[in-house]
Amino acid sequence: MIIGIPKEIMHDEARVAATPETVGKFVNDGFEVWVEKSAGDGALYHDEDYVKAGAKMVDGPETIYENAEMILKVKEPLFNEKLGKHEVEMMHKGQLLITFIHPASPVNHEMVKKLTKQGVTAITLDGIPRISRAQNLDALTSMSTCAGYKGIIMAADHLTTFMPQMFTAVGRIEPAKVMVIGVGVAGLQALATAKRLGAITYAADIRPMAAENAGSLGAKITETGVPAELAVGEGGYAKRLPDDVLIVEREKLKETIQQMDIVFCSALIPGKVAPIIITEEMVKGMKRGSVIVDISIDQGGNCELTPAGGIEKKYGVTLMGVKNIPGMLPTSSTWMFANNLYNLVKYLVKDGKVVLDRTDEVIAKSLVCIDGELVHVGAREAMGLA
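The structure displayed is predicted, hence computed values, not measured ones.

Provide a residue-level description of the overall build of the protein chain, including the pertinent values.
Helix and strand content of the protein chain: 13 helices and 21 strands. Radius of gyration (C-alpha) of the protein chain: 21 Å, near the 21 Å computed for a compact globule of 386 residues. Taking the principal axes of the C-alpha coordinates as reference, the protein chain spans close to 65 × 50 × 40 Å. Considering only intrachain contacts with a sequence separation of at least 6, the fraction spanning at least 24 residues in the protein chain is 69%. Carbon together with sulfur atoms contributes 52% to the accessible area of the protein chain, which is approximately 16500 Å² in total. Averaging the locations of the 41 positively and 48 negatively charged side chains of the protein chain gives two centres separated by 2 Å.

Run through the packing of aromatic side chains, naming residues and quoting values.
Within this structure, the stated rule accounts for three aromatic pairs. A ring pair is formed by Phe26 and Phe31, whose centres lie 5.7 Å apart and whose planes are at 85°; its orientation type is edge-to-face. On the basis of relative accessible area, Phe26 is assigned to the buried category, the value being 1%. Look at Phe100 and Phe337: their rings are 5.9 Å apart centre to centre, the planes differ by 40°, and that puts the pair in the tilted class. Note that Phe100 is positioned in the loop between β7 (96–99) and α4 (109–118) and Phe337 in helix α11 (residues 330–348), a separation of 237 residues in sequence. An identical accessibility class is assigned to Phe100 and Phe337; each is buried.

Residues and numbers for the sheet that holds strand β17 (residues 317–320), please.
If you trace the seven strands from one edge of the open sheet to the other, you get β13-β12-β11-β14-β15-β17-β16, paired in mixed fashion. Both edges of this open sheet fall to β13 (220–221) and β16 (311–314), since each of them pairs with a single strand only. Both strand β11 (residues 177–181) and strand β12 (residues 200–204) contribute to a ladder of five bridges, which runs parallel. Within β12, the residue paired with Met179 across the bridge is Tyr202.

Could you give an account of the sheet that holds strand β20 (residues 367–370), with specific residues and numbers?
One open sheet holds the eight strands; their spatial order is β3-β2-β1-β4-β7-β8-β20-β21, and the pairing between them is mixed. Because the sheet does not close on itself, it has two edges, and the strands there are β3 (56–58) and β21 (373–374). By the bridge criterion, three bridges tie strand β4 (residues 70–72) to β7 in an arrangement that is parallel. If you follow Ile71 over to β7, its bridge partner there is Leu97. Along the sheet, α11 makes contact with β1 (2–5), β4, β7 and β8 (121–124), crossing β7 at roughly 145°.

If you had to explain helix α5 (residues 139–158) to someone new, which residues and values would you point to?
End to end, α5 covers 28 Å across 20 residues, agreeing with the expected 28 Å (1.5 Å per residue, within 8%). Most of α5 sits out of view: 14 of its 20 residues are buried. Capping the start of α5 is the job of one residue whose side-chain oxygen sits 3.2 Å from the backbone nitrogen of Leu140: Asp138.

Let's hear about helix α7 (residues 208–216): which residues, and what values?
Helical periodicity: at 3.6 residues per turn, an α-helix aligns residues three or four positions apart in one direction. All of the buried residues in α7 are Ala210, Ala211 and Ala214. Down the axis of α7, the buried set is contained in an arc of 100°. They therefore lie on one face. Looking at α7, the residues exposed on the side facing more than 90 degrees away from the buried face are Met209, Glu212 and Ser216. The inward-facing, buried residues of α7 contact α6 (185–196), β12 and β13. With its phi angle positive at about 95°, Gly218 sits one or two positions after the end of α7.

Thresholds applied
Residues numbered from 1 in each chain as written. Predicted model: local features only at pLDDT ≥ 70, side-chain atom pairs only at ≥ 80, totals over all residues. Heavy atoms only, no water. Helix = DSSP H or I, 4+ residues; strand = E, 2+ residues; numbered from the N terminus. Rg over C-alpha atoms; globule rule 2.2 N^0.38 Å. Contact = heavy atoms within 4.5 Å. Areas by Shrake-Rupley, 256 points an atom, 1.4 Å probe, with all protein chains shown as cover. Lys, Arg positive; Asp, Glu negative; His and termini not counted. Charge placed at Lys NZ, Arg CZ, Asp CG, Glu CD. Phe/Tyr/Trp six-rings, centres within 6.5 Å; stacked < 30°, edge-to-face > 60°. Buried < 20%, exposed > 50% of the residue type's maximum accessible area, 1.4 Å probe, protein only. Pairing = 2+ DSSP bridges. Axes fitted to C-alpha atoms, helices over the stretch in contact; angles between N-to-C directions. Expected span 1.5 Å × (residues − 1). Polar contact = N/O pair within 3.5 Å; in protein donor to acceptor, adjacent residues only side chain to side chain. Arc of directions from axis to C-beta.

Given below as structure tokens:
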């Protein structure tokens, strides 16, 4: 079986789906691995190291897409401007694609439909459930760790003030206030990083256990007013809230949000569009010079005004909707990501063949399309097909 590793084409994406280390493991397991030349350069994994590990280096992506039975990528398929064609157009029926697809996000709906029509079998890494037996497959957790750390660093860079309290010859400067909304893996890492930088930290999560975890890191908890029975779904994930309850949550959080220097948004509902927690009206009332980092932007974002894929300033607030924050730590994030993918491929392949048992929770929740059928529940719901 040939595993193909194309070079990522998203602007400024430096990660790659395999390291020389994981290529060597694949080769030892009996796979052929074809890697596009210079695919790993941005993450400091170079062609000569892939060759030493047993990879075949290939010019351009077309040969890889044409010949590989399995494609491992970091980001969702995109239009390749250099070749003048979409990456999906280069894929073929029955090919297995494993990457982050975020199929429920409206911006990806047309691409998902193309994948389905093309007959590609696609697995989205954001669908891997956070259960104990899938921990070493869970690239979303790995990348969330990176996003939580780097997101706070980026926000601090956009502040016009110090993060820690400063005692100077002319007086004391108060520390920055940082609020994290959605205290999952990324949120906890964001809290820990903000605290290391000397900020006063606040947190909000509709799930009692998540809020408790944030409190254990020293964050001041802002109550959301959401009953636990409405908040917590299967596996401890957050549930989609009824509109009237979401309105109550916004009102509960509004005052605290408007006191903050940085608001880090990472509230997600697995496989579904992210809830809008910060409205335009709330942004209008925020401190001038404050920063919102919205890492839930791949699934639509938690702030109504967050620019998808960019950074803008509105009402004096910097809004950060950068979509590939883990790509800004390319060496570390690639190492984590590649090992997650190696473990996932080992999980899926039995006796040299891909086995997709759709009664298995891991497969059921991460499978996007197969045999020309769109099966992902969240994507179908977001497209009005449920």
